[in-house]
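# Residue-level structure breakdown
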Amino acid sequence: MAIENNPVGESDRPGLAFLRRYGLLLLAVLVCNRLLLAWIGGVAVEAFAPHFYKPDGHVFSQNSFAAPWGGWDTLFYLQIATEGYVSPDGSMVQVGWFPLYSLAIKLATVLVPNAYWAALLVSNLCLLGAIALLGAWLAEVIGLDAAFRSVLFLIFFPTSMVLSGAFSESIFLLLLVAAFYLAHRGRNTGACVAFSLLLISRPMALPLAPFFLVALQPLAGTGWRDRVRRLAPLFLLPIPFLIYSWYLWRLTGDPLAYVHNKLAAGNDLAAVNPLAAVWSSLSRGFTEHRFEHFFNAGLVLFGTAAVLGNRRSLGWNYLLLGLVLIWFPLLLHVTILSSSRYLAVAVPLFSGLALGGERCRCTPGLYMVCLVLQGFVMVFWSTGSRFLM
């Protein structure tokens with residue numbers, strides 16, 4: 001059965017029942033999982049760091065257990081949070097990093113003065129919120145137990161440690177789930193507010209707008225007054241992005257500085273072939289024994305198969321949403337090594353896995369495979385390899 005909208009009042013209990021039954025358990029699982037990953041990362045740093053490296057300026061803590069949770073993008077988010085897009089020396093920070101995550105870090109420094117630790121706090125709070133909302137949403141669609149399995153896949157996914165690191169994926173996931181869940185519940189105003197903020201969290205949000213509008217069903221009212229009420233919140237969608245464009249215009253004289261920044265960096269959409277990128281990574285994985293390329297390409301294919309395998313259950317809108325979440329990042333990045341990070345926020349992928357788990361009793365084995373891969377990836381990521389960009 002395809003995912004359908006449920007207006008408020010028709011099914012209010014499954015979400016609350018999910019949180020009451022599984023909320024504390026999922027919190028305990030998440031905390032234990034992240035502590036285990038922190039230990040693995042800390043041990044890897046101490047044992048293997050002399051043989052690996054991280055670029056200058058990309059080590060954000062002298063604590064071996066905290067240092068692995070930052071990476072390449074972290075430097076720019078922290079610079080924007082502490083200095084803005086213009087450094088004290090007058091140099092420009094790259095405008096390719098959208099402002100929402102850095103703004104959240106800036107607010108969090110009121111409680112946690114260290115910007116890096118504030119970023120970790122923001123990411124993990126957003127992850128907890130995303131888990132709660134995703135579980136509540138899926139509980140209404142596929143049942144409590146299947147929703148629980150789905151959220152466990154999110155926690156155990158081999159690259160989900162990114163959601164707890166100093167990256168914007170967690171806030172992106174929170175707003176993505178909030179927008180579609182509120183649309184599912186018929187709360188158009190809240191859904192539009194969430195999606196408007198999503199648009200300034202990552203550029204990946206831009207191609208998701210058509211699927212959000214379909215989920216919102218703005219013309220589903222029975223009369224003209226009802227339709228006006230459902231359409232009115234749509235005017236909220238562009239406001240944050242227009243403010244950001246105005247800020248870029250004031251700062252650089254170019255309201256589309258982000259687009260020109262990406263083109264200058266060589267991310268020409270017309271020059272990128274996602275299928276060729278995946279095939280090239282698979283070839284390099286086999287011929288050059290570069291496991292990181294084989295692993296990332298394999299995750300893209302696995303995610304695609306998981307979504308397509310549950311196409312009837314997801315419905316065409318969520319099916320296409322899942323495929324865009326998996327494949328569109330390859331249009332924005334020259335290397336495929338970044339794509340596995342985005343798979344951790346592919347909501348339809350995890351709902352599809354939950355539906356598959358409902359018919360298959362091998363999910364404990366799948367969890368174990370995911371956990372082993374997760375630990376393996378954490379070792380590479382912690383020691384500064386190019387496993388995850």
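Residues numbered from 1 in each chain as written. Predicted model: local features only at pLDDT ≥ 70, side-chain atom pairs only at ≥ 80, totals over all residues. Heavy atoms only, no water.

### Things to note about the overall build of the chain
Heads up, the condition is: Helical segments are the DSSP runs of H or I of at least four residues, strand segments are the runs of E of at least two, and each set is numbered from the N terminus. Here's how the labels work: a residue is buried when its accessible area is under 20% of the maximum for its type, exposed when over 50%, partly exposed in between, all with a 1.4 Å probe on protein chains only. It only takes one pair of heavy atoms within 4.5 Å for two residues to be counted as in contact. Using a 1.4 Å probe, accessible areas were evaluated by the Shrake-Rupley method; residue-level cover was limited to the displayed protein chains.
Tallying secondary structure elements over the chain gives 18 helices and zero strands in all. Per-residue burial over the chain gives 55% buried out of 389 residues. Contacts in the chain between residues far apart in sequence, at least 24 positions, make up 73% of those at least 6 positions apart. Summed over all atoms, the accessible surface of the chain reaches about 17400 Å², with 69% contributed by carbon and sulfur.

### Let's talk about the packing of aromatic side chains
This is how it is decided: Pairing of aromatic side chains requires ring centres within 6.5 Å, counting the rings of Phe and Tyr and the six-membered ring of Trp. Pairs whose planes differ by under 30 degrees are stacked, by over 60 edge-to-face, and all others tilted.
In the structure shown here, the tally under the stated rule is 19 aromatic pairs. Centre to centre, the rings of F180 and F212 are 5.9 Å apart; their planes meet at 80°, and the pair counts as edge-to-face. Here F212 lies in helix α8 (residues 209–216) and F180 lies in helix α6 (residues 169–184), a separation of 32 residues in the sequence. Judged by relative accessible area, which is 1%, F180 ranks as buried.

### Points about a nonpolar patch on the surface
Stated formally: Patches draw on residues past 30% relative accessible area with no salt bridge. Two like charges within 9 Å are joined, as are two nonpolar side chains (Val, Leu, Ile, Met, Phe, Trp, Tyr) within 5 Å. Salt-bridge detection follows one rule: a side-chain nitrogen of Lys or Arg within 4 Å of a carboxyl oxygen of Asp or Glu.
A cluster of nonpolar side chains, namely L24, L27, V31, L35, V110, L111, L121, L125 and L128, defines an oily patch on the protein surface of about 900 Å² accessible area. Turning to its location among the elements, L24 is positioned in helix α1 (residues 13–48).

### Focus on helix α2 (residues 72–83)
Rule in force here: By this rule, a helix spans an expected 1.5 Å times one less than how many residues it contains.
Helix length check: α2 (12 residues) gives 17 Å between terminal C-alpha atoms against 16 Å at 1.5 Å per residue, within 8%. Those residues of α2 lying buried are D73, T74, L75, F76, Y77, L78, I80 and A81. Within two residues after α2, G84 carries a phi angle of roughly 85°, on the positive side.

### Some points on the packing of α1 against helix α18 (residues 363–382)
Our working rule: To get an axis, fit a line to the C-alpha atoms, keeping to the stretch in contact for a helix; angles then go from 0 to 180 degrees between the N-to-C directions. When an angle is under 35 degrees it counts as roughly parallel; over 145 it counts as roughly antiparallel; between 65 and 115 it counts as roughly perpendicular; any other value is oblique. Note on convention: near helix rotated counterclockwise from far helix by under a right angle means a left-handed crossing. Clockwise means right-handed. Charged means Asp, Glu, Lys or Arg here, nonpolar means Ala, Val, Leu, Ile, Met, Phe, Trp, Tyr, Cys or Pro, and polar covers whatever is left, Gly included.
At a closest axis distance of 8 Å, the pairing of α1 and α18 adopts a crossing angle of 40°. As judged from the angle between their axes, α1 and α18 are oblique. In terms of crossing hand, the pair formed by α1 and α18 is right-handed. Across from N33, R34, L37, I40, G41, A44, V45 and F48 in α1, the residues of α18 making contact are L371, Q374, G375, M378, V379 and S382. Residues that form the contact of α1 with α18 fall into these classes: eight nonpolar, five polar and one charged.

### Let's talk about the pattern of salt bridges
Close approach of charged atoms allows side chains of opposite charge to pair. Tallying each qualifying case throughout the model produces three salt bridges. A salt bridge links D145 to R21; its shortest N-O distance comes to 3.7 Å. Here D145, found in helix α5 (residues 144–156), pairs with R21, found in helix α1; they are 124 residues apart in sequence, far enough to count as distant. Taking relative accessible area as the criterion, D145 reaches 40% and is therefore assigned partly exposed. Two residues, E169 and R202, come together in a salt bridge whose shortest N-O distance is 3.3 Å. Of the two residues, E169 is situated in helix α6 and R202 in the loop between α7 (188–198) and α8; the sequence distance between them amounts to 33 residues. Looking at R202, the relative accessible area reads 5%, which means it is buried.

### Some details on the environment of D145
Separated by 123 residues in sequence, D145 and Y22 have C-alpha atoms that sit 9.3 Å apart. Apart from residues no more than four positions distant in its own chain, D145 is found in contact with R21 and Y22.

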